[in-house]
Amino acid sequence: MSLWTAAEALEATGGAGVANWKATGVSIDTRTLEPGDLFVALKDIRDGHDFVKAALAKGAAAALVSHVPDGVPADAPLLLVPDVLEGLRALARAARARISGKVVGVTGSVGKTGTKEMLRTALSGQGLCHAAEKSFNNHWGVPLTLARMPRETDFAVIEIGMNAPGEIAPLAKLARLDVAVVTTVAEVHLAAFDSLEGIAVEKGAICEGLVPGGVAVLNGDIGTAGILRAAAEAADARIVEFGTGDFAARLGPVRLQSLGTTAEAELSGVPIMFKLGAPGAHLAMNALAVLAAVEALGADIAVAALALAGWVPPEGRGARWSIALGPAGIDGSVLLIDESYNANPLAMGAAFEVFVQAKPMDGQGRKMIGRRVAFLGDMLELGPDEAAMHGALAEHPAMKDITSVHCAGPLMRALHDALPPEKRGEWHPDTDALAARVPRLVDAGDVVMVKGSLGSNLAVVVDAIKKLGDATDMRKAEDTP
């Protein structure tokens, strides 16, 4: 079944070109393009027009372009528009207009992608649920996600992010949200904002994209909750707050297990219980927001709560790996908690709290005493107080249960210096140097956590730990009979 016919795309964009093609998908990258995709020649680090010829050779149905690229015949299946990104936005608007289903948007300083994936899990058993495969949450990611939305969609989940003021509202308006979720507001992107309150104003701007009668699902526990409420009231939205206080969605006791979380809650006066396939009190809070959004969408809460038991964290956001050392694990094993995708002080603290719940194994390896070993990289975009924020991690209550902390990057030098000598591991100027030291710093029986901002490239440390032995993704292992 086609996603876009040429006639539909021409009408949506007001563009010009031949009208004899049908596209089954939309792509911006020839490396992942599938035959039948409409290739969108965006300008980013490279100009997508340079890859149109390759896209068509690979089987693209057509290409959305602003001019005929060199080496491409004038009669090729091209959709010509004045501006390619605006053409993609036009497709997004048309895709949103033609569905009869409902759209929920998710933003927040922490937990956007995990919450988006929880919503996908919660709603997938109740109709056709569309959501981006990755964190496509920026100026091109949101319209791309919408343009890929099948016309039969019952529920769409749109993740909306930002790096600077004024970015969220236009994306939310493009998506025309039935429900808007704000997971939390934290000290992230302070390099572009004057204050935490400024970040809250920007996050609250997601409410500007709500359709009449829309619902705002907001974190009531945070200090900037009033700013979020004001934004929702200005949009004439119905407000549903979640948190541990006396809210419409109230989180009760949370119990953490080695590979999961069980939580009790109350939603609109009705007691509920749910499970998650990963440990974390902060995950339980995000799941409560998800269930509040499910209720606001008119979907079945009980079905959604049961489905959440099958949710597992996305790659780099708490995924767990068992590393068997030696043939058939004869030399013991290491438990790896991969938190390498992103970091800020709030997320780092939440990760510490989960980390110290994991139990090392004694009686293995060189040391014969299992340890909790952290590998940490720089937290980026924190503004003028970034060094102090890194150093303050040494005072986190969970730090007392972490054996040693190894750091990489100029900002993490502040934490290295602030740690007590017995916990102070190695510091290296970059993650490549730290990764090279992994075999000497990790032993059988250890629980190891890796965390840092994506730009700090902690992925190389994760890879080095996995290469110590035979790595098994514990999310997949749990599904094996």
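Keep in mind that what you see is a predicted model, and the values were worked out from it rather than measured.

Cut-offs and rules
- Residues numbered from 1 in each chain as written.
- Predicted model: local features only at pLDDT ≥ 70, side-chain atom pairs only at ≥ 80, totals over all residues.
- Heavy atoms only, no water.
- Pairing = 2+ DSSP bridges.
- Helix = DSSP H or I, 4+ residues; strand = E, 2+ residues; numbered from the N terminus.
- Axes fitted to C-alpha atoms, helices over the stretch in contact; angles between N-to-C directions.
- Contact = heavy atoms within 4.5 Å.
- Buried < 20%, exposed > 50% of the residue type's maximum accessible area, 1.4 Å probe, protein only.
- Polar contact = N/O pair within 3.5 Å; in protein donor to acceptor, adjacent residues only side chain to side chain.

Caption draft 1: Spotlight on the sheet that holds strand E9 (residues 129–131). Across the sheet, nine strands lie side by side as E9-E10-E8-E11-E12-E13-E14-E15-E16; this open sheet has mixed pairing. The sheet is open, and its two borders are formed by E9 and strand E16 (270–276), each paired with just one other strand. For this sheet, the mean inter-axis angle between neighbouring strands, taken without regard to orientation, is 20°. Two strands pair when backbone bridges link them, and strand E8 (residues 102–107) and strand E11 (residues 177–182) are joined in this way by four bridges, in the parallel orientation. Looking at the pairing, Gly105 lines up with Ala180 of E11. Where helix H8 (residues 225–234) meets the sheet, it contacts E11, strand E12 (210–219) and strand E13 (238–243), and its direction lies at approximately 170° from that of E12.

Caption draft 2: Local environment of helix H11 (residues 345–355). By the criterion of burial, H11 is predominantly enclosed, with eight of the eleven residues buried. Every buried residue belonging to H11 is among Ala347, Met348, Gly349, Ala350, Ala351, Phe352, Val354 and Phe355, and all of these are buried. Here the buried face of H11 lies against helix H9 (281–297), strand E17 (319–324), strand E18 (333–339), strand E19 (372–377) and strand E22 (447–451). A side-chain oxygen of the first residue of H11 lies 3.1 Å from the backbone nitrogen of Leu346; this N-cap is Asn344.

Caption draft 3: Fine view of unusual backbone geometry. Despite not being glycine, Ser268 shows a phi value in the positive range, around 55°. Its location among the elements puts Ser268 in the loop between strand E15 (261–267) and E16. A positive phi angle, close to 60°, is found at Glu381, a residue other than glycine. With respect to the helices and strands, the residue Glu381 is situated in the loop between E19 and helix H12 (386–392). Judged by its relative accessible area of 38%, Glu381 is partly exposed.

Interpretation note: all reported values are geometric properties and have no functional meaning in isolation.
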